[in-house]
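Residue-level listing of the chains:
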Amino acid sequence: MHTRNFVAGRWAGGSDGRVYAVRNPADDSVVAEVPDSTADDARSAADAAHAAFRTWRAVPARQRAAILRRWYDLVLAQRETLGRLISTEQGKPIAEGRGEVDYAASYIAWFAEEAVRANGDVIPAPVPGRRMLAVKEPVGVVAVITPWNFPAAMIARKIAPALAAGCTVVAKPAEDTPLTSLALVALAAEAGVPPGVINIVTASRQRAPAVVDAWLADERVRKISFTGSTPVGRHLARESAATLKKLSLELGGNAPFIVFDDADLDAAVDGLMVAKFRNGGQTCVCPNRVYVQRGVHDVFVEKLARRVAALKVGPASRDDSQIGPMINARAVEKIARHVDDAVARGARVVVGGKRLRDAAAHGPNFYAPTVLVGATPAMALSCEETFGPVVPVYAFDTEDEVVALANDTPYGLAAYFYTQHMARAARVADALESGIVGINEGALASEAAPFGGVKASGYGREGSVHGLDDYLHLKYLCEGRLA
Ligand code: NAP
C-alpha cells in the first residue's frame, strides 16, 4: 500500500508533515494515514507536471499508447489486490471492487487505442497557393479532481485520455479514497510513465480547497477535469475564469426511471436493481426517482419489493454482501433525512426505511435497502440526489405528464425508461433532457460510449471517440506562397 504523495516520480510526505486517517466505512477502522497536503505541495506537483509536459508531448503517440497498454496489463494483473483496496476504503462489495478494476482498466485500454487517432484535417484552401491544416495538440497540464464513489474508474478515465493526448497531470483524489489512486500511479510508473507526467497529492476535506485553489490560480494548469457535486463544479468554473482554463465537469444527477404500462415488467425490475443498487445507490447515474404508470404500479412494486427485501447487506469482507456501507456518517444522515421527510409528507415504506445498527452484523454506516410508495415532487428526495439504497416510487398516468416530471429538475445526467412500444421509445428518448438515456436497459456504463451530462450535470464527455478531444485543442496552420 502506498501512503505518500507521488510528485516528480518520487514518494514524499506533505510539506508540513501533517497526515489524516483513511477509514474503512464498514467499521470506521483506520486503514492508513496519508499526507494532508498544502498549497505548496500542489505547486510542487504543478512544477513537476509543467516540466514534464515539454518532453511527454513529444513522445510519439504510438509510444505513449504502448506505455498505456502496459499500465492496463499491470492493473489487470493486480485485479484482486486493487479490488480489495477499493472495497476496503470505499466499502463496495468485493465483486463490485473487482468489477471496478475491470471498468477502470477498460478506459486505459481504450485510450491506448485512441492515442494514435488524434487526427486533424486538411482543409480545402479558398485561394491558390495556400495549404490549410487543423492539427490537434495537447492542452497542457491537467488538474484532475475526483470523488470517492469510484476511486479507480474516475481517476483512470481522466488520466488515461490526458496521457494519450500528450498532457501531464496533477491529481487530487477524494479525502475518503486516496489509496487506490496511489496504487494506480505506482503501476503507471512501473509501466514506464516518466517522472512528472502523473503527480498525485492527497488532502483532507478541510485542505482540499487550498490544494485546488493553488491549481486554479496557476496559469500553467490549462485544464480542470472534475467529477463531483454540482456546487463544487460551479465553484471551479467560477474560479478558473481568471486563468480561462478548459473545463470538463461531470457533476451530480437526479435520474428518472420510467416504467410504462406496456413494459416488460420483469426486465424493468432487473434493470432497476442493476441501475439503482450498484455501489449501494452511490452512483451519479443511479435512478433517484422511479415513475410507474398507474395500471402496472402495484404489480411492479410487489415484484420490486420482493427483490429488494432479498438483498444481502454487509461489509465487503463478506463475499456474499450485495450492499455495503455508505461512505461515511454524513451520507447516512442525508439518506435518513430524505426518508424521514418523504414519510412525513405522506410516502409509505414498503421495505427497509431504517438504519441498520446491529453492531455484530453491521458497522455504523449501513442503511437498509428501501422502497417507498406515494412519492411526490414536494419531497426532498425528488429534488436532491439521495445517494443511497432508496427507491421512491411515483405513480403517473400519461406519457406527457411523466416526461414533464422527469425533466423537472436542474440536472440532466442519466435517464431510463422501459416500454415495448417503438414509437413511444423514439418520442421519449428525444424528449428527455439528459446526456445519457437507457432504453429498456439499466447498465449503461462503457468505455466506448460518451459519458456526460447536460444542464446542471455539467459538460464534457468521457470515453468514446469523443473523449480525447476534451484534452486537445485545435491549432490552425496556414501555409502561404506555395504556388
Ligand atoms: P464533491 O464533494 O464535489 O467532491 C468531489 C471532489 O472535489 C473531491 O475530491 C473533493 O475533495 C473535492 N472538493 C470538495 N470541495 C472542494 C472545494 N471547495 N474546492 C476544491 N475541491 C473540492 O463530491 P463527492 O461527494 O465526493 O461525490 C459525489 C458527487 O459526485 C455526486 O454529486 C455525484 O453525482 C457526483 N458524481 C458525478 C459523476 C459523473 O460522472 N457525472 C460520477 C461520480 C460522481 P474532498 O473529498 O476532500 O472533499
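An account of the accompanying structure is given in this report. Numbers given to residues run from 1 along each chain, matching the order in which its sequence is written. Local features in this predicted model are restricted to residues of pLDDT 70 or higher, and side-chain atom pairs are both shown and tallied only at a pLDDT of 80 or more, whereas totals for entire chains, interfaces and linings draw on every residue. To obtain the side-chain values, all non-hydrogen atoms of the structure were included, while hydrogens and water were left out.

**Remarks on the overall build of the protein chain**
Phase 1 of the analysis: What the protein chain contains, in helices and strands, is 14 helices and 20 strands.
Phase 2 of the analysis: Each radius of gyration reported is based on C-alpha atoms, and the globular scaling rule is 2.2 Å times the count of residues to the power 0.38. For the protein chain, the C-alpha radius of gyration of 23 Å lies close to 23 Å, the compact-globule estimate for 483 residues.
Phase 3 of the analysis: Here's how the labels work: a residue is buried when its accessible area is under 20% of the maximum for its type, exposed when over 50%, partly exposed in between, all with a 1.4 Å probe on protein chains only. Within the span of the protein chain, comprising 483 residues, buried residues form 58% of the whole.
Phase 4 of the analysis: Residue pairs at least 24 apart in sequence account for 73% of intrachain contacts in the protein chain once pairs closer than 6 positions are excluded.
Phase 5 of the analysis: Surface exposure of the protein chain reaches about 18900 Å², of which carbon and sulfur atoms provide 53%.
Phase 6 of the analysis: Only four residue types enter the tally: Lys and Arg on the positive side, Asp and Glu on the negative side; His and the chain ends are excluded. For this purpose, a charge sits on NZ of Lys, CZ of Arg, CG of Asp or CD of Glu. Side chains of the protein chain carry 54 positive and 54 negative charges; the gap between the two charge centres is 5 Å. Every helix listed is a DSSP run of H or I at least four residues long, and every strand listed is a run of E at least two residues long, numbered separately from the N terminus. A contact between two residues is defined here by any heavy atoms of the two lying within 4.5 Å. Areas reported here follow the Shrake-Rupley algorithm with a probe of radius 1.4 Å; residue values treat only the protein chains shown as occluding.

**Some thoughts on the site of the ligand**
Phase 1 of the analysis: Around the ligand there are 31 residues in total, and Thr146, Glu175, Ser229, Leu251 and Glu385 lie nearest to it.
Phase 2 of the analysis: Definition of a polar contact: a pair of N or O atoms within 3.5 Å, with one able to donate and the other able to accept a hydrogen when the atoms are protein atoms, and with sequence-neighbouring residues admitted only if both atoms are side-chain atoms. Glu250 is positioned with one of its backbone polar atoms (N or O) 3.5 Å from a nitrogen atom of the ligand.
Phase 3 of the analysis: One nitrogen or oxygen atom from the side chain of Glu385 is found 2.5 Å from an oxygen atom belonging to the ligand.
Phase 4 of the analysis: Relative to its unbound accessible surface of 900 Å², the ligand loses 89% to contact with the protein.
Phase 5 of the analysis: We place a 1 Å grid over just the protein atoms. Points where a 1.4 Å probe fits but has no way out form a cavity, open points with protein on both sides within 12 Å along at least 5 of 7 lines form a pocket, and any residue with an atom within 4 Å of a point lines it. Whether a molecule lies in a cavity or pocket depends on its atoms, and more than half of them have to be within 2 Å of the grid points. The cavity where the ligand resides is the largest pocket.
Phase 6 of the analysis: Where the shell around the ligand is concerned, the elements lending two or more residues are helix H5 (153-165), helix H7 (208-217), strand E10 (221-227) and helix H8 (230-239). Near is defined per residue: the residue qualifies when any heavy atom it owns lies within 4 Å of the molecule or strand.

**Some words on the packing of helix H9 (residues 265-277) against helix H10 (residues 294-309)**
Phase 1 of the analysis: To get an axis, a line is fitted to the C-alpha atoms, and for a helix only the part in contact is used. The angle between two axes follows their N-to-C directions and goes from 0 to 180 degrees. Orientation of H9 relative to H10, taken along the N-to-C sense of each, is 50°, at an axis distance of 10 Å. With respect to each other, H9 and H10 are oriented oblique. H10 is crossed by H9, and the crossing has right-handed handedness. Counted together, Leu265, Asp266, Ala268, Val269, Asp270, Leu272, Met273 and Phe277 of H9 and Val296, Val299, Phe300, Lys303, Leu304, Arg307 and Val308 of H10 form the full contact between these two elements.
Phase 2 of the analysis: Per-class residue counts for the contact of H9 with H10 are 11 nonpolar, no polar and 4 charged. Each angle receives one of four descriptions, namely roughly parallel if under 35 degrees, roughly antiparallel if over 145, roughly perpendicular if within 65 to 115, and oblique otherwise. Rotating anticlockwise by less than a right angle from the far helix to the near helix defines a left-handed crossing, while the corresponding clockwise rotation defines a right-handed one. As a working rule, the residues Ala, Val, Leu, Ile, Met, Phe, Trp, Tyr, Cys and Pro are called nonpolar, Asp, Glu, Lys and Arg charged, and the rest polar, with Gly in that last group.

**Quick look at the sheet that holds strand E5 (residues 121-123)**
Phase 1 of the analysis: Strands are labelled as partners when DSSP assigns at least two bridges between them. Overall, antiparallel pairing links the 3 strands, which are arranged E5-E6-E20 in an open sheet. Where the open sheet ends on each side, the last strands, each with one partner, are E5 and strand E20 (472-479). Between one strand axis and the next, the sheet turns through 25° on average, direction left out of account.

**Let's talk about the sheet that holds strand E15 (residues 370-373)**
Phase 1 of the analysis: An order of E14-E15-E16-E13-E12-E17-E18 is seen for the 7 strands of this open sheet, with the pairing classed as mixed. Each edge of the open sheet is held by one strand with a lone partner, namely strand E14 (348-351) and strand E18 (436-439). Adjacent strand axes in the sheet meet at a mean angle of 25° when their direction is disregarded.
Phase 2 of the analysis: In the sheet, E14 pairs with E15 via 3 bridges, with the strands oriented antiparallel.

**What to know about unusual backbone geometry**
Phase 1 of the analysis: Despite not being glycine, Lys455 has its phi angle at roughly 55°, a positive value.
Phase 2 of the analysis: Among the secondary structure elements, Lys455 is positioned in the loop between E18 and strand E19 (458-459).
Phase 3 of the analysis: We classify Lys455 as partly exposed; its relative accessible area is 38%.
Phase 4 of the analysis: Residue Arg481 is not a glycine yet carries a positive backbone phi of 55°.
Phase 5 of the analysis: Looking at the secondary structure, you find Arg481 in the segment after E20.
Phase 6 of the analysis: Take Arg481: its relative accessible area is 84%, and that puts it in the exposed class.

**Quick word on helix H14 (residues 422-431)**
Since the α-helix packs 3.6 residues into each turn, any two residues three or four apart lie on the same face.
Phase 1 of the analysis: For H14, every residue scored as buried is listed here: Arg424, Ala425 and Val428. Projected onto a plane normal to the axis of H14, the buried residues spread over an arc of 100° and lie on a single side. What points out from H14, more than 90 degrees from its buried face, is the exposed set Met422 and Asp430.
Phase 2 of the analysis: Residues of H14 that are buried make contact with strand E13 (287-293), helix H13 (399-407), strand E17 (414-418) and E18. Throughout, the arc means that of the directions going from the helix axis to the C-beta atoms.

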